[in-house]
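Structure assessment
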Amino acid sequence: MGHLITVATCSLNQWALDFKGNLQRTLESIRIAKQRGATLRIGPELEITGYGCADHFLEGDTYLHSWEVLGKILSSQESHGILLDIGMPVMHKNVKYNCRVFILDGKILLIRPKMFMANDGNYRELRWFTPWAKHRTTEQHYLPRMIQKITGQVTVPIGDAVISTHDSCIGVEMCEELFTPNSPHIGLSLDGVEIITNSSGSHHELRKLHTRIELIKEATLKSGGIYLYANQQGCDGDRLYYDGCALIVVNGEVVAQGSQFSIGDVEVVSATIDLEDVRSFRSACSRGIQASTSPSFQRIEADMALSDGRLEDNPAIKPTKTKPVFYHTPEEEISLGPACWLWDYLRRSKTSGFFLPLSGGIDSCATATIVASMCRLVVKSCAKGDAQTIADARHVAGASAETGYIPTDPKEFAHRIFHTCYMGTKNSSNETRTRAKELAETIGSYHVDLNMDTVVSALQMLFTLVTGKTPEFRAHGGSNVENLALQNIQARLRMVLAYIFAQLLPWVRGRPGSLLVLGSANVDECLRGYFTKYDCSSADINPIGGISKSDLRRFIAYAQLAFGMPILASFLDATPTAELEPITENYVQADEVDMGMTYDELTDFGRLRKVFKCGPYSMFTKLVHTWSDKMEVSEIAVKVKRFFFYYSINRHKMTTLTPSYHAESYSPDDNRFDLRPFLYNASWSWQFEKIDRTVLVLEEEQRKRKEEEKEQEQK
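Conventions we followed
- Residues numbered from 1 in each chain as written.
- Predicted model: local features only at pLDDT ≥ 70, side-chain atom pairs only at ≥ 80, totals over all residues.
- Heavy atoms only, no water.
- UniProt positions renumbered as here; feature names shortened; annotations may be inferred.
- Helix = DSSP H or I, 4+ residues; strand = E, 2+ residues; numbered from the N terminus.
- Contact = heavy atoms within 4.5 Å.
- Pairing = 2+ DSSP bridges.
- Core = buried A, V, L, I, M, F, W, Y, C linked by side-chain atoms within 4.5 Å.
- Buried < 20%, exposed > 50% of the residue type's maximum accessible area, 1.4 Å probe, protein only.
- Expected span 1.5 Å × (residues − 1).
- Bend = angle between axes of the 7 residues up to and from the residue.
- Phe/Tyr/Trp six-rings, centres within 6.5 Å; stacked < 30°, edge-to-face > 60°.
- Lys NZ or Arg CZ within 6 Å of the ring centre and 35° of its normal.

- As recorded in an unreviewed UniProt entry, the protein goes by the name Glutamine-dependent NAD(+) synthetase, listed as coming from Entomortierella parvispora.
- As recorded by UniProt, the Pathway (unreviewed entry) comment attached to the protein reads in full: "Cofactor biosynthesis; NAD(+) biosynthesis; NAD(+) from deamido-NAD(+) (L-Gln route): step 1/1."
- Its UniProt record gives the protein a comment under Catalytic activity (unreviewed entry), which states: "deamido-NAD(+) + L-glutamine + ATP + H2O = L-glutamate + AMP + diphosphate + NAD(+) + H(+)".

Shown next as structure tokens:
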């Protein structure tokens, strides 16, 4: 009749250093797993501390409190009758390790340290942890006395080993280890390990999920086996959103998949699986030959069986069927990921809502639409009766539990927590003012419409009074220096006004607290530096700072239909403009004209610079092949040199960049992801001269080819 077991994995919205909350969420996931009859439960990487503790992992307190929390788990009834795989940092022989701790019935069976660290992009694990380099080797770890009193154990094994139950064998592959060329799952599978657990702290990035899922499927497609994947979900204190999507895969086929985006705190994914399916899958002769010579792992005995016979004795219980993998479109990812990130930040910061300068352009429109998506998610979660979401929504909205308030309408909820403001000047158009007003009405935000010309004039008059000089716009005969300074006055005043209104609007409305100011500079503008330092790009957080202009336009087109917001069509049709210069008969300011490059070109520059690691010359040589059908080689050279010039003179702006949702692989975020100098030799003389020489060579070759083609035609 088979050999049926039920296993569970989960996505938890853990928060860095929130030991009490992390404990509650961990215990809740264990309770749910047991209710579903699971005999094995795994959790996310570093679930006890939260993944994003950063330099707090260097502090002794973090390790002390981790053991205290584990002690609570060991002492609880939840930890009995189920094999648990828990994530926490452990210090062994004065060396800090990122570990999995296997516990059963109040005892610790094994501490398994991570062997390959994530140390690029957003990850800096080698700053805090040391990889376990003694493969297939264990040592004895002396437990803290508080744990000895609970378990009655003095030492437990630590190292690279596997857990052997009465009926199967379980091994570990942690997060980054899956992505390495010689992943542990290969050796584990060849040594007879049937269940592999992967506890991860993997963040969202647009179009990234398929890479992760394909690697997980491939891990058991060749070798067979059961693969349990757990992940953090949510914002645990920084720029990243961990995108859950807990998985259970059997022999390369998905049998259970959790949500990628959720504002819930605990999601458990379970499946009933027949171990005999793994054994029959592994019957290939070639696998048997390799397995017979594979080095062995030490087996740590667990006095339990994952199956207890009740499943096999009940013919009505069937193994979970395979299912197709579900992927969101990039537009759906933008509507959901940043929205969940905003909700986590809002509720955990204990503020009263958001304030957004709404310009009438597509970037602030996208930010506002993401807030609208967040309100829709909150209402949906409350309708399902999620107690945590209801409590958080009441707190943010300023409603007590006694009122019984539960958000039922996204527009009504937005009016309570979302504040927008159009900050016009004489350079603003009626079109942008109208678009901003109509978008605010559609979303339901508390909207303010103001003119700030008097404030701008006051600063200009002060400058004239002090210096005796009156700067003029270029349209009125001023120099480029004057023109830029006058634009920046308007831009920076908007930032000052944003924080004044964010601090005082709740007071105006008779509510406590203050508002989080939202930014709306996209990743392409940040890359080129096409924004004013300390203007409205300076905010508390920015949900679109890691998203390209092209993706934002596609998102707005999607939201127009998906959210029933016809007003968004007018934003798609509008020309992107900063509206910081006077409009004349012969001139209307346009972003792409100002930048000297299109947003699509900026996306290409960004990917080549960061993802493909190109300097000016290699970027030029690659674009010669991809852009040559659109423009001459000399024009490609001009655009590449222009990009690197403006990128380098504006790089200093990245040091003050508003913390942004990380969504794009070419983000220029200077905090952790994209580490570069901020003082460049902007002439790039050596590199640019090589480009110029190459242009001459290519043009000469092109001239010769044309002459040869002409001669052939004449013959």
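1. Quick notes on the UniProt feature "domain: CN hydrolase" (unreviewed entry) in the protein
- Here, the residues flagged by UniProt with the feature "domain: CN hydrolase" (unreviewed entry) are residues 5-275.
- With 25% helix and 34% strand, the stretch residues 5-275 has end C-alpha atoms that lie 7 Å from each other.

2. Focus on the environment of R394
- Within the secondary structure, R394 is located in helix 13 (residues 387-397).
- Separated by 12 residues in sequence, R394 and I406 place their C-alpha atoms 7.1 Å apart.
- Those residues in contact with R394 that lie beyond four places of it in its chain are A399, S400, A401, G404, Y405 and I406.

3. Some points on the sheet that holds strand 17 (residues 354-357)
- The strand order across the open sheet formed by 4 strands is 19-18-17-20, and the pairing between neighbours is parallel. Edge strands, defined here as strands with exactly one partner in the open sheet, are strand 19 (446-451) and strand 20 (516-517).
- For strand 17 and strand 18 (residues 418-424), the ladder comprises 4 bridges, and the chain directions are parallel. Looking at strand 18, one finds that F355 is bridged to H419.

4. Topic: the nonpolar core
- Judged by nonpolar contacts, the single largest core of 60 residues is most densely connected at F354, F418 and L439.
- Take this core: its biggest share by element is 12 residues, from helix 12 (residues 362-383).
- Residue contacts for F418: discarding those within four places in its chain leaves F354, L356, A368, V371, I443, S445, Y446 and L518.
- Counting residues in each nonpolar core, the second largest holds 34 residues, with L27, I30, L74 and I147 among its members.

5. Here we look at helix 17 (residues 480-508)
- With 29 residues, helix 17 extends 41 Å from end C-alpha to end C-alpha; this agrees with the ideal 42 Å at 1.5 Å per step.
- A502 marks where helix 17 bends most, by close to 30°; the proline P506 follows one to four residues later.
- The positive-phi residue at the C-terminal boundary of helix 17 is G510, with phi of around 75°.

6. A closer look at the packing of aromatic side chains
- Under the defined criterion, the tally for this structure stands at 22 aromatic pairs.
- Consider the rings of F57 and F129, whose centres lie 4.8 Å apart with planes at 55°: the pair is tilted. Here the residue F57 occupies a position in the loop between strand 2 (40-42) and helix 2 (60-75), and F129 occupies one in the loop between helix 3 (125-128) and strand 6 (138-142), the gap between them amounting to 72 residues.
- Its relative accessible area of 1% is what places F57 among the buried residues.
- Pairing W341 with Y345 gives two aromatic rings, centres 6.2 Å apart and planes at 55°, and the pair type is tilted. Highlighted residues: W341 and Y345, both in helix 11 (residues 330-349), separated by 4 residues, approximately one helical turn.
- We classify W341 as buried; its relative accessible area is 1%.
- For Y345, a relative accessible area of 29% corresponds to the partly exposed category.
- Members of the aromatic cluster, each reached through a chain of ring pairs, are F605, W627, F643, F644, Y647, Y680, W684 and F688.
- The positively charged end of R416 is found above the aromatic ring belonging to Y405, 3.9 Å away from the centroid.
- Across the ring face of Y617, the terminal group of K690 is positioned such that the distance to the ring centre comes to 4.8 Å.

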